[in-house]
Every structure is written in structure tokens, then in C-alpha cells.
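# Fold and contact review
One-letter residues, chain by chain:
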Amino acid sequence: KKLCVKAAKEHSIPQDLNKVLENKVMETVLDLSYVKLSVVEMTCSGDADSEGIVSKSVSSHSDLIPGVYEGGLKIWECTFDLMDYFSEAEIEFTNKTVLDLGCGAGLLGIVALQGEAASVHFQDYNSTVIDEITLPNVVANCISEGRRMGSGKDRRASKPPSKRPRKAEGSPDMLNRCRFFSGEWSQVSQLLSNSNNPCLKYDIIVTSETIYNPDYYSALHDTLAQLLDRNGHVYLASKVHYFGVGGGIYLFEKFIEDKNVFRTSMVKTIDQGLQRCIMEIAFK
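Not measured: the values here are computed from a predicted model. (Residues numbered from 1 in each chain as written. Predicted model: local features only at pLDDT ≥ 70, side-chain atom pairs only at ≥ 80, totals over all residues. Heavy atoms only, no water.)

## Considerations on the sheet that holds strand β9 (residues 262–270)
- Spatially, β1-β6-β5-β4-β7-β8-β10-β9 is the arrangement adopted by the 8 strands of the open sheet, whose pairing is mixed. Of all strands in the sheet, those bounded by a partner on one side alone are β1 (9–11) and β9. The mean inter-strand angle of the sheet, taken between neighbouring strand axes irrespective of direction, is 20 degrees.
- With 8 bridges joining them, β9 and strand β10 (residues 276–283) adopt antiparallel strand pairing. (Pairing = 2+ DSSP bridges. Helix = DSSP H or I, 4+ residues; strand = E, 2+ residues; numbered from the N terminus. Axes fitted to C-alpha atoms, helices over the stretch in contact; angles between N-to-C directions.)

Here it is in C-alpha cells:
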């Protein structure tokens with residue numbers, strides 16, 4: 001199948017961080033701030049949504065429009081599975097280079113950032129998602145009075161921050177460790193490899209609910225092979241099966257096996273509701 005190839009671009013962080021949070025209403029989950037989606041749907045139009053994905057998603061009542069919109073406006077449940085796993089397995093982000101691939105709200109990358117990662121890069125298919133959701137979420141969490149994440153238990157018990165709009169002051173150190181990219185995986189991979197400031201390979205790549213469509217497996221596999229450090233690890237969270245789209249964890253595991261580049265291990269299975277898994281991937 002001929003897939004739509006969306007060109008990659010890097011998104012700059014605006015000087016005036018207040019602009020990023022303008023018209024945004026923030027909610028909290030597990031002590032992290034994130035943009036309230038229903039408000040984005042009401043306020044995001046025209047130039048702010050040059051791709052038209054907000055109106056298309058709303059009018060078609062669809063979370064996925066292949067090649068047009070790839071689900072980044074919504075926080076999917078496997079994101080929380082992976083956050084819990086980081087906490088349980090005590091995954092160490094300190095001084096690591098991290099890529100949040102198919103980041104959507106960017107919560108996984110924000111957890112890595114708060115875990116003292118040396119740098120965190122965020123990628124989503126849609127530029128609107130990066131500008132209207134990922135970037136505001138990262139900014140909001142970077143300026144929230146330097147709060148640090150504790151363990152999962154601490155996070156759940158902590159008080160939600162006040163609802164008053166935050167004033168962004170200066171460009172906090174955490175933001176200086178971030179870069180933001182949109183576009184299709186193979187294009188982003190090419191952009192990163194060709195840039196004057198080539199990124200080192202990533203020590204850790206995190207990705208959640210990105211293997212729903214088997215048509216994308218080849219691009220995803222090649223991107224991981226190109227961008228992961230020789231000793232790096234990928235943490236991938238997924239449902240066992242995506243009804244209606246055809247992808248799922250065992251299908252992707254088989255795909256990886258056939259390529260014979262990586263080894264995989266299922267590090268966690270979650271049985272409530274639709275069965276979900278967390279897979280760790282590393283070079284053979």
C-alpha cells in the first residue's frame with residue numbers, strides 16, 4: 001500500500017511561554033498537567049489547526065484517519081500502563097537521551113524529563129498535536145514550581161495543583177533539554193540523521209499504542225533500528241489486538257522476529273479490560 005508520507009519538521013519553542021499556554025485549560029492526572037481536550041476542540045481552528053485534524057476528527061467521530069490524523073489528540077490507556085511500569089521497574093532516566101515516539105500528549109517524555117533525562121525529544125505525526133497539545137503540556141509541567149515525581153504511590157496521593165492559570169517565567173532548564181518534531185517516522189528519522197546537529201542515538205525510546213496498523217510496522221521498525229543506541233532499550237505499550245485496524249502486540253512481535261535485528265521480551269501483561277502488554281526491545 002502506498003502510505004502518505006508526511007514531511008518532517010522541527011518545532012521551535014516560542015520565546016514567550018505564556019503564548020503557549022494561552023487559551024489552554026489544564027487538568028491533572030498522576031500529578032502531571034495536561035491540556036483539556038474538549039477546550040482544544042472548541043478553540044483550535046484556522047491557523048492553529050492548519051492540518052484540519054481537529055474538525056475532521058470531531059466530524060467523523062474518529063480517533064484515527066490513516067495518513068491524516070493518527071490519534072494524538074487523545075491520551076490512550078496504555079500510556080498509563082507504561083508510566084506505572086517505569087515506576088514499578090524503577091527505570092532510570094538520569095542522564096539518558098530519550099525519544100517519545102508517537103508522543104501525543106507527551107506524558108511519557110515528561111516523566112523522563114522529570115526523571116532527570118539529559119534530553120527528551122518528542123515526535124508526533126501531526127504538527128497540530130505538537131503545537132496545541134504536546135508543547136503546552138511540556139511547558140506546563142516544566143514551570144510547575146519544580147515539582148518532582150515520586151513513586152507511583154506518591155504521585156497518586158498528591159494534591160492536584162490549583163486551577164489558576166500559570167504564568168510562565170523565562171525558559172526553565174527543563175525546556176532547554178527538549179526538542180519537538182512532527183511528521184511521518186521515516187521522515188523524522190531522516191531529519192534527525194541529516195541535521196547539522198545530529199542527535200546522538202537514543203538510550204531509551206518510549207512509545208505507546210503505535211502498533212495498531214500493520215501497514216506502519218516497517219517504518220516503525222526501521223526508525224527504531226536507525227535511532228536506538230546500540231545498548232539502548234525501547235519500551236512499547238500496546239493492546240494485544242486492535243479490533244478494526246488489525247494490529248497488535250503478537251503481530252508486531254512476529255514482524256520483529258522475522259527481521260532478526262532486535263530481541264524482544266514481554267515485561268508486563270495487564271488483564272483488566274482489553275488485555276494489554278508492555279514489550280521491551282533491544283538489539284540482538
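## Digging into helix α11 (residues 249–259)
- Among the residues of α11, those classed as buried are Ile249, Phe252, Glu253 and Ile256. Here the buried residues of α11 occupy an arc of 105 degrees about the axis, which is enough to place them on one side.
- Lining the buried residues of α11 we find α10 (217–227), β8 (228–239), β9 and β10.
- Of the residues one or two after α11, asparagine 260 is the one with positive phi, at around 60 degrees. (Buried < 20%, exposed > 50% of the residue type's maximum accessible area, 1.4 Å probe, protein only. Arc of directions from axis to C-beta. Contact = heavy atoms within 4.5 Å.)

## With respect to the packing of α10 against α11
- Packing of α10 against α11 leaves a shortest axis separation of 11 Å and a crossing angle of 55 degrees. Of the possible angle classes, the one that applies to α10 and α11 is oblique. Considering only the axes of α10 and α11, their crossing is right-handed. Residues Tyr217, Ser218, Leu220 and His221 of α10 form the contact with α11, whose participating residues are Leu251, Phe252, Phe255, Ile256 and Lys259.
- Here the contact of α10 with α11 is built from residues that sort into 6 nonpolar, 2 polar and 1 charged. (Parallel < 35°, antiparallel > 145°, perpendicular 65-115°, else oblique. Left-handed = near helix turned anticlockwise from the far one by under 90°. Nonpolar A, V, L, I, M, F, W, Y, C, P; charged D, E, K, R; others polar.)

## Some details on the environment of aspartate 173
- With respect to the helices and strands, aspartate 173 occurs in helix α8 (residues 173–176).
- Once the C-alpha coordinates of aspartate 173 and isoleucine 143 are considered, the two residues, 30 residues apart in sequence, prove to be 9.7 Å apart.

## What about the packing of helix α9 (residues 185–194) against α10?
- Relative to each other, α9 and α10 sit at 20 degrees, their axes nearing to 9 Å. Of the possible angle classes, the one that applies to α9 and α10 is roughly parallel. For α9 against α10, the interelement crossing comes out left-handed. Between α9 and α10, the contacting residues are Trp185, Ser186, Ser189, Leu192 and Ser193 on the first element and Ala219, Leu220, Thr223, Gln226 and Leu227 on the second.
- Looking at the contact of α9 with α10, its residues break down into 5 nonpolar, 5 polar and no charged.

## Notes on the pairing of strand β6 (residues 178–182)
- Among the 5 residues that make up β6, 5 are buried, leaving the element largely enclosed by the rest of the structure.
- Taking every second residue as pointing to the same face, both faces of β6 are buried, with Cys178, Phe180 and Ser182 on one and Arg179 and Phe181 on the other.
- Judged from the 5 bridges that link them, strand β5 (residues 119–124) and β6 form a sheet pairing that is parallel. Residue histidine 121 lies in a different strand from β6, and its bridge partner there is arginine 179.

## Brief notes about the pairing of β10
- Of all 8 residues in β10, 8 are buried; the element is thus mostly enclosed.
- The alternating pattern of β10 places Arg276, Ile278, Glu280 and Ala282 and Cys277, Met279, Ile281 and Phe283 on opposite faces, both of which are buried.
- Across 6 bridges, β8 lies against β10 in antiparallel orientation. What sits directly across from valine 234, in β10, is isoleucine 281.
- Hairpin geometry of β9 and β10 is characterised by an intervening segment of 5 residues between the two adjacent antiparallel strands and by a positive phi of about 65 degrees at glycine 273.

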